[in-house]
Amino acid sequence: MCMLFGFNFKEEVKFAKLWQTFSKYSYQNPHGWGIAIIIDDMPFIVKRSSAAHKSRLAKELNSTTMIGQNGIFHLRYATKGKICNKNAHPFNIHKWAFAHNGHITKKLSTKTQPFGETDSEKAFCYLYDNLEMGNDEWKTISRIVSEIGIGFNFLLAKEDILYAYWSGYNSLRYAKIKDLGFIICTYPIFQTQWLSFQKKELIKFQNGKIIRREVIE
């Protein structure tokens, strides 16, 4: 079972402690890890196919002084696609970064070709192709999640925006961190007041605030 973690704050913060806590769950999700931090409106991505607890680079991030306002972490439990760097999450295309948890059964045809073999990246390419048509982002994402259906839990980041969607598969929670902003995770990993997404709920976070939320039928 893969794990997702995201954060969206009103200002840049050191994220080492967030990663350190989250990466401990790599014992249950040993097939890859990755981070995507939005820096100057572009995703900075580091990912590997090894377990985070065995990766020297992942351990170095435990004490990094890097800062970020908007970001995504992922731990992979492989179900489709071999264990290699190109199949590790997050994925990125231009300004977008994406990580997924779940199983996608719908057959998707994409203009943008994935680098790897996962259903996750294929779905991201499909979503990106539709976003590139220039229509309203919220309406486009809502239409795609309704089309793909259950098993499409994801975090999608661009600039200072983080979209989070729970399809009803497994779980997805979020928590407010004082007046700083929000964290999102598959499971509660800190001692704080976590709230559950509603089934099929899409939430848009921006600059540490919830801008919009809706259950997508």
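Our subject is the structure listed above.
Scoring rules and cut-offs
- Residues numbered from 1 in each chain as written.
- Predicted model: local features only at pLDDT ≥ 70, side-chain atom pairs only at ≥ 80, totals over all residues.
- Heavy atoms only, no water.
- Helix = DSSP H or I, 4+ residues; strand = E, 2+ residues; numbered from the N terminus.
- Buried < 20%, exposed > 50% of the residue type's maximum accessible area, 1.4 Å probe, protein only.
- Core = buried A, V, L, I, M, F, W, Y, C linked by side-chain atoms within 4.5 Å.
- Salt bridge = Lys/Arg side-chain N within 4 Å of Asp/Glu carboxyl O.
- Disulfide = S-S within 2.5 Å.

In this section: the environment of Ile-72. Residue placement: Ile-72 occurs in strand β4 (residues 67-75). A residue is classified by how much of its surface remains accessible, and Ile-72, at 0% relative accessible area, is buried. For the pair Ile-72 and Gly-208, spaced 136 residues apart in the sequence, the C-alpha separation amounts to 14 Å.

Another point: unusual backbone geometry. Cis peptide bonds are those with omega within 30 degrees of zero, and the linkage from His-89 to Pro-90 qualifies with -5°. Within the secondary structure, Pro-90 sits in the loop between β4 and β5 (91-93). A positive phi angle, close to 50°, is found at His-94, a residue other than glycine.

This brings us to the nonpolar core. Most often, soluble globular proteins keep nonpolar side chains buried together rather than apart. Of all hydrophobic cores here, the largest spans 26 residues; its most connected members are Phe-98, Ile-141, Ile-148, Phe-152, Phe-154, Leu-156 and Tyr-163. Met-3, Val-13, Ile-35 and Ala-58 belong to the second largest nonpolar core, which has 24 residues in total.

This paragraph deals with the pattern of salt bridges. A side chain of one charge can pair with a side chain of the opposite charge if their charged atoms are brought near each other. For the structure shown, the criterion picks out 7 salt bridges. We note a salt bridge from Glu-117 to Lys-86, for which the minimum N-O separation is 3.8 Å. In this pair, Glu-117 sits in the loop between β6 (96-101) and α3 (119-131) while Lys-86 sits in the loop between β4 and β5, placing the two residues 31 residues apart along the sequence. Assessed through its relative accessible area of 34%, Glu-117 is described here as partly exposed. The closest approach of N and O atoms between Arg-212 and Glu-214, which form a salt bridge, is 3.7 Å.

Here we come to the state of the cysteines. Applying the stated rule across the entire model yields 0 disulfides. Here Cys-2 is not disulfide-linked; the sulfur of Cys-185 is the nearest cysteine sulfur, at 12 Å.

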